[in-house]
Amino acid sequence: AKEVGRNTYEFYEAELNQLAIRRHQLANELRQAVKNGELSLVFQPQLNIVENKVIGAEVLLRWHHPILGNISPAEFIPIAENTGLIKEIGNWVMDNACQKIAECRRLGYEIRLAVNLSALQFRQINLPEMIASTLQKYRIPPKLLEVEITESMLVRDVSQAIDILERLKEMQIRIAIDDFGTGYSSLSYLRRFPLDALKIDRTFIDELIVDVDDTAITLAIISMAKSLRLEVIAEGVETAEQQEFLAKNNCDDIQGYYFSRPLTYKDFVQFLASSKPI
Ligand code: C2E
Ligand code: CA
Ligand code: CA
Ligand code: CA
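What counts as what
Residues numbered from 1 in each chain as written. Chains lettered and ligands numbered in written order. Predicted model: local features only at pLDDT ≥ 70, side-chain atom pairs only at ≥ 80, totals over all residues. Heavy atoms only, no water. Patch = residues over 30% accessible without salt bridge, like charges linked within 9 Å, V, L, I, M, F, W, Y side chains within 5 Å. Areas by Shrake-Rupley, 256 points an atom, 1.4 Å probe, with all protein chains shown as cover. Salt bridge = Lys/Arg side-chain N within 4 Å of Asp/Glu carboxyl O. Helix = DSSP H or I, 4+ residues; strand = E, 2+ residues; numbered from the N terminus. Near = heavy atom within 4 Å. Polar contact = N/O pair within 3.5 Å; in protein donor to acceptor, adjacent residues only side chain to side chain. Axes fitted to C-alpha atoms, helices over the stretch in contact; angles between N-to-C directions. Left-handed = near helix turned anticlockwise from the far one by under 90°. Contact = heavy atoms within 4.5 Å. Nonpolar A, V, L, I, M, F, W, Y, C, P; charged D, E, K, R; others polar. Buried < 20%, exposed > 50% of the residue type's maximum accessible area, 1.4 Å probe, protein only. Pairing = 2+ DSSP bridges. Donors = N, O, S within 2.8 Å, 3.2 Å for Na, K, Ca; no water. Core = buried A, V, L, I, M, F, W, Y, C linked by side-chain atoms within 4.5 Å. Arc of directions from axis to C-beta.

### Quick notes on a nonpolar patch on the surface
Here's step 1: A grouping of Tyr12, Leu16 and Leu19 is seen on the molecular surface, where their side chains present a nonpolar patch of about 310 Å² in accessible area.
Here's step 2: The residue leucine 19 is located in helix H1 (residues 2-35) in this model.

### Section: the site of ligand 1
Here's step 1: In the neighbourhood of ligand 1, 21 residues make up the surrounding shell, with Gln44, Arg62, Arg202, Glu238 and Tyr257 lying closest.
Here's step 2: Within the contact set of ligand 1, an oxygen atom lies 3.3 Å away from a side-chain nitrogen or oxygen of glutamate 58.
Here's step 3: At 2.8 Å, a side-chain N or O of arginine 62 approaches an oxygen atom of ligand 1.
Here's step 4: Expressed as a share of its isolated accessible area of 810 Å², the protein-covered part of ligand 1 is 82%.

### So, the packing of helix H3 (residues 86-106) against helix H12 (residues 265-275)
Here's step 1: Running from amino to carboxyl end, H3 crosses H12 at an angle of 35°, the nearest separation of the two axes being 12 Å. The handedness of the crossing between H3 and H12 is right-handed. Residues Lys100, Glu103 and Cys104 of H3 form the contact with H12, whose participating residues are Tyr265, Phe268 and Leu272.
Here's step 2: Split into classes, the residues belonging to the contact of H3 with H12 amount to four nonpolar, no polar and two charged.

### Quick notes on the pairing of strand S2 (residues 53-65)
Here's step 1: A large share of S2 lies buried, amounting to ten of its 13 residues.
Here's step 2: Bridge count for strand S1 (residues 39-48) against S2 is ten bridges, and the pairing is antiparallel. Counted as the bridge partner of leucine 39 is tryptophan 63 from S2.
Here's step 3: As paired elements, S2 and strand S3 (residues 69-71) share three bridges and run antiparallel to each other. Paired with histidine 64 across the bridge in S3 is asparagine 70.
Here's step 4: Where S2 folds back on S3, the antiparallel hairpin that results is connected by three residues.

### Here we look at the pairing of strand S7 (residues 197-200)
Here's step 1: Alternating residues of S7 divide into Ala197 and Lys199 and Leu198 and Ile200, and every residue in both groups is buried.
Here's step 2: As paired strands, strand S6 (residues 174-180) and S7 are joined by three bridges and run parallel to one another. When the sheet's bridge partners are listed, alanine 176 is paired in S7 with alanine 197.
Here's step 3: In this sheet, strand S8 (residues 231-235) lies alongside S7 in parallel orientation, the contact comprising four bridges. The partner of leucine 198 across the bridge, within S8, is valine 232.

### Things to note about the coordination of the calcium ion (ligand 3)
Each donor-metal-donor angle in an ideal tetrahedron of four donors is 109.5 degrees, and each such angle in an ideal octahedron of six donors is either 90 or 180 degrees.
Here's step 1: All of the protein donors around the calcium ion (ligand 3) are Asp178 (OD), Asp179 (OD), Glu235 (OE) and Glu235 (OE); their distances to the metal are 2.2 to 2.6 Å.
Here's step 2: In this structure, the calcium ion (ligand 3) lies 3.9 Å away from the calcium ion (ligand 2), the two metals sharing aspartate 178 as a donor. Of this pair, aspartate 179 sits in strand S6 while glutamate 235 sits in strand S8; the two residues are 56 residues apart in sequence, bridging distant segments of the chain.
Here's step 3: With relative accessibility at 26%, the residue aspartate 179 sits in the partly exposed group.
Here's step 4: Residue glutamate 235 is classed as buried on the basis of its relative accessible area, which comes to 9%.

### A closer look at the nonpolar core
Here's step 1: Phe193 and Leu246 are the most contacted members of the largest nonpolar core, which has 84 residues in total.
Here's step 2: Ranked by residues supplied to this core, first place goes to H3 with nine residues.
Here's step 3: The residues contacting leucine 246, other than those within four sequence positions of it, are Ile49, Ile205, Leu208, Thr218, Ile222, Ala234, Val237, Cys251 and Ile254.

### Quick word on the environment of alanine 33
Here's step 1: Along the chain, alanine 33 falls in helix H1.
Here's step 2: Assessed through its relative accessible area of 0%, alanine 33 is described here as buried.
Here's step 3: Distance in space between the C-alpha atoms of alanine 33 and proline 66 is 9.6 Å, their sequence separation being 33 residues.
Here's step 4: In this structure alanine 33 touches Glu38, Leu39 and Trp63, once residues within four positions along its chain are discounted.

### Some remarks on the environment of cysteine 98
Here's step 1: The topology assignment puts cysteine 98 in helix H3.
Here's step 2: With a relative accessible area of 0%, cysteine 98 lands in the buried category.
Here's step 3: When residues no more than four places from it in sequence are discounted, the contact partners of cysteine 98 are Thr134, Leu135, Tyr138 and Ile140.

### A look at helix H11 (residues 240-248)
Here's step 1: Those residues of H11 not exposed but buried are Gln242, Gln243, Phe245 and Leu246. All buried residues of H11 project into a common sector of 165° when viewed along the axis, lining one side. What points out from H11, more than 90 degrees from its buried face, is the exposed set Glu241, Glu244 and Lys248.
Here's step 2: Close packing links the buried residues of H11 with S1, helix H9 (202-206), helix H10 (212-227), S8 and strand S9 (253-255).

Next comes the structure, spelled out in structure tokens:
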């Protein structure tokens, strides 16, 4: 037993070391990635199921490393957060997203893009001013920009969160709560913030219809959101059954592989062209 214990420990330690080494390597290379143009954005279309039309897309970051290949944002965003690099990267994402909103408008598509904000970005007290200057730079109406934040960002420093969100709201930027249902906040608590939409977390949609608990949670989120006059979007919708169920039960919008995978900008514009004539 002693032997096994020791081996297990050594195995565990070796794994930890490898993880630490990779993390360290990625942290160093992420610094160069922005400058080297290794980061790009993809766009996952969002569908309004009531009017059956594309309303916009969520902007998702991609990192193609020259040797390691594609690295998931689930792996590199936390690294970017820990090293503080997320500020530079986040600014790059915001700038690029606004540029694409302007470009789509020039093509005749008035679509909204949703940008994920990290916790560190959200704590920058001048965030609203930074976003305002980017909107001005590309001359786009603020209502075409949505920011996605998570519940946990709201609980850390409530009064600062309210301050930042109110300034964003004054500018008419849309605010959505991402991964909704996985955090600690209740809807009565959420009422303190000037929100526009809730995004039901993918984990509930995954087993929607199959798992009675997930069905109940999803229905509860939709009905409570409605009573607070918030829009509801479901993410991770992968099947026709899920979409039909959500449509029947008053969900406003959906996003997921069933409607579309995240697309390159070029493919996104094609997608817009094929779903709606100008
Ligand atoms: P998220 O904000 O919850 O983004 C949704 C994730 O679900 C994306 O993963 C998307 O590709 C994936 N997804 C979409 N539809 C489906 C589906 O039908 N089924 C399944 N199984 N998955 C689906 P992705 O692109 O790997 O991003 C992972 C996370 O990385 C994001 O989760 C977000 O937290 C973070 N992230 C991505 N881009 C950015 C960014 O620009 N800034 C920040 N701060 N975080 C980002
Ligand atoms: Ca998101
Ligand atoms: Ca999410
Ligand atoms: Ca479940």
